[in-house]
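# Examining the three-dimensional arrangement
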Amino acid sequence: MKVELLAYTPEPEKLIATAAKLCYSSSDIESLRYGLTEEKITSFIDMIISIGHESVVEHVSFTFGIEGISRACSHQLVRHRIASYSQKSQRYVNENGFNFITPPSIADIPEAKSEYDRVIDEITKSYEKLADILTEKHTAEFTAQGLDEKAARSKASKLANEDARFILPNACETKIVVSMNVRSLFNFFRHRCCNRAQWEIRAVANEMLKQCLEVAPHIFAHAGPSCVAEGKCPEGKMTCGKIEEVKKNFSSMKA
């Protein structure tokens, strides 16, 4: 798994402080920006987050490149709707010999790992066979329509991928670029940094938060799972029961 912060809004903390200050002042914008020291910026950010005035943090966004994750993980990621996504296509990209993700619980048991690898190998072979069969079928059709052999095969190959991909597993490795504003990131971290989140997307979320903290520590000082961000667990009977341990772990991350 690789998570990389590709870009973010310049001077993110100053921009949020400016927007927050604007809401409580009749001054012009240039005057608002003047004199915003690090101390004042921190003060404004702490104030607006403490009172839940999160609309002002929407002005700042972060873009991440994520690779080495499964389709199972990306399906969970794209459920966070206030975001922008660009993902490797299984329609336009041939998946012959595709990479795949193995859950640690399976990798730790030789018998389970052997069965897992056997099934993945079978799917790989079936995918390639289906793609070949469909490519030949579509090539013949396009040739009959007047396309030359090279053009017909190129077009046929893309069309074959479209249907052969139906056999691919959730384990199939994918790559995705995601952009979220800070308010969406707060929500994402509340849900996905939680101990009850699936292990893979939790690892992605934790790494995203670490990288956000490196460039905007004041903005994300209180970010994390709900027990960290809000001081309480919303899971009821389904709580992990480790609130103090979780708080300690995230406190160490932010130190």
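An account of the accompanying structure is given in this report.

The rules behind these values
- Residues numbered from 1 in each chain as written.
- Predicted model: local features only at pLDDT ≥ 70, side-chain atom pairs only at ≥ 80, totals over all residues.
- Heavy atoms only, no water.
- Helix = DSSP H or I, 4+ residues; strand = E, 2+ residues; numbered from the N terminus.
- Rg over C-alpha atoms; globule rule 2.2 N^0.38 Å.
- Buried < 20%, exposed > 50% of the residue type's maximum accessible area, 1.4 Å probe, protein only.
- Contact = heavy atoms within 4.5 Å.
- Areas by Shrake-Rupley, 256 points an atom, 1.4 Å probe, with all protein chains shown as cover.
- Lys, Arg positive; Asp, Glu negative; His and termini not counted.
- Charge placed at Lys NZ, Arg CZ, Asp CG, Glu CD.
- Pairing = 2+ DSSP bridges.
- Axes fitted to C-alpha atoms, helices over the stretch in contact; angles between N-to-C directions.
- Parallel < 35°, antiparallel > 145°, perpendicular 65-115°, else oblique.
- Left-handed = near helix turned anticlockwise from the far one by under 90°.
- Nonpolar A, V, L, I, M, F, W, Y, C, P; charged D, E, K, R; others polar.
- Salt bridge = Lys/Arg side-chain N within 4 Å of Asp/Glu carboxyl O.
- Phe/Tyr/Trp six-rings, centres within 6.5 Å; stacked < 30°, edge-to-face > 60°.
- Expected span 1.5 Å × (residues − 1).

All right, on to the overall build of the chain then. A tally of regular secondary structure across the chain gives 11 helices and 4 strands. Relative to a compact globule of 255 residues, whose C-alpha radius of gyration would be 18 Å, the chain shows 24 Å and is clearly more extended. Seen through its C-alpha atoms, the chain measures out along the principal axes to roughly 70 × 50 × 25 Å. Put simply, the chain has 255 residues, and 39% of those count as buried. Counting only contacts in the chain whose residues sit at least 6 apart along the sequence, the fraction spanning at least 24 positions is 74%. Of the accessible surface of the chain, which amounts to about 14100 Å², a share of 52% is contributed by carbon and sulfur atoms. Each charge sign in the chain was given a centre, from 33 positive and 34 negative side chains, and these centres are 4 Å apart.

Examined bridge by bridge, strand 2 (residues 61-70) and strand 4 (residues 173-181) share 9 bridges and lie antiparallel to one another. Looking at strand 4, one finds that Ser 70 is bridged to Glu 173. Pairing geometry for strand 3 (residues 84-87) and strand 4, over 4 bridges, is antiparallel. Directly across from Ser 86, in strand 4, lies its bridge partner Val 177.

Another point: the packing of helix 8 (residues 182-192) against helix 9 (residues 199-215). Interaxial distance between helix 8 and helix 9 falls to 9 Å at its minimum, and their mutual angle equals 135°. On the basis of their axis angle, the class for helix 8 and helix 9 is oblique. Considering how the two elements wind past one another, helix 8 and helix 9 form a crossing that is left-handed. Two secondary-structure elements touch here, helix 8 through Leu 185, Phe 188, Phe 189 and Arg 192 and helix 9 through Ile 201, Arg 202, Ala 205, Met 208, Leu 209 and Cys 212. In terms of residue class, the contact of helix 8 with helix 9 is made up of 8 nonpolar, no polar and 2 charged.

Bringing the sheet that holds strand 3 into the picture now. The 4 strands lie next to each other as 1-2-4-3, forming an open sheet whose pairing is antiparallel. Because the sheet does not close on itself, it has two edges, and the strands there are strand 1 (2-8) and strand 3. Geometrically, the sheet is characterised by an average inter-axis angle of 20° between neighbouring strands, direction not taken into account. Here strand 1 pairs with strand 2 via 6 bridges, running antiparallel.

With respect to the element layout, Glu 200 can be found in helix 9. No salt bridge is formed by the buried Glu 200. Its closest oppositely charged neighbour is Arg 192, at 11 Å. When sequence neighbours within four positions are dropped, the list of residues in contact with Glu 200 reads Met 1, Gly 68, Ile 69, Ser 70, Cys 73 and Ile 101.

A few words on the packing of aromatic side chains. Per the stated rule, a full pass over the model turns up 6 aromatic pairs. An angle of 80° between the planes, with centres 5.4 Å apart, marks the rings of Phe 62 and Phe 220 as edge-to-face. Separated by 158 residues along the polypeptide, Phe 62 in strand 2 and Phe 220 in the loop between helix 9 and helix 10 (226-229) bring together distant segments of the chain. Residue Phe 62 is classed as buried on the basis of its relative accessible area of 0%. Judged by centre distance (6.2 Å) and plane angle (70°), the ring pair of Phe 189 and Phe 220 falls under edge-to-face. Remark: Phe 220 occurs in the loop between helix 9 and helix 10 and Phe 189 occurs in helix 8; sequence separation between them is 31 residues. Members of the aromatic cluster, joined through ring pairs, are Tyr 8, Phe 62, Phe 186, Phe 188, Phe 189 and Phe 220.

Next up on the list: the pattern of salt bridges. With the rule as written, the count across this model stands at 15 salt bridges. We note a salt bridge from Glu 54 to Arg 190, for which the minimum N-O separation is 3.1 Å. With a gap of 136 residues between them, Glu 54 in the loop between helix 3 (38-50) and strand 2 and Arg 190 in helix 8 connect regions that are remote in the sequence. Both residues of the pair, Glu 54 and Arg 190, count as buried. Glu 58 serves as the salt-bridge partner of Arg 183, at 2.7 Å between the closest nitrogen and oxygen. On the criterion of sequence distance, the pair formed by Arg 183 in helix 8 and Glu 58 in the loop between helix 3 and strand 2 is long-range, its members being 125 residues apart. The partly exposed category is assigned to Glu 58, whose relative accessible area is 37%.

Over its 17 residues, helix 9 extends 25 Å from the first C-alpha to the last, a length consistent with the 24 Å expected when each residue adds 1.5 Å. All of the buried residues in helix 9 are Glu 200, Ile 201, Val 204, Ala 205, Asn 206, Met 208, Leu 209, Gln 211, Cys 212 and Leu 213. Where helix 9 is buried, its residues touch strand 1, strand 2, helix 4 (71-77), helix 8 and helix 11 (243-254).

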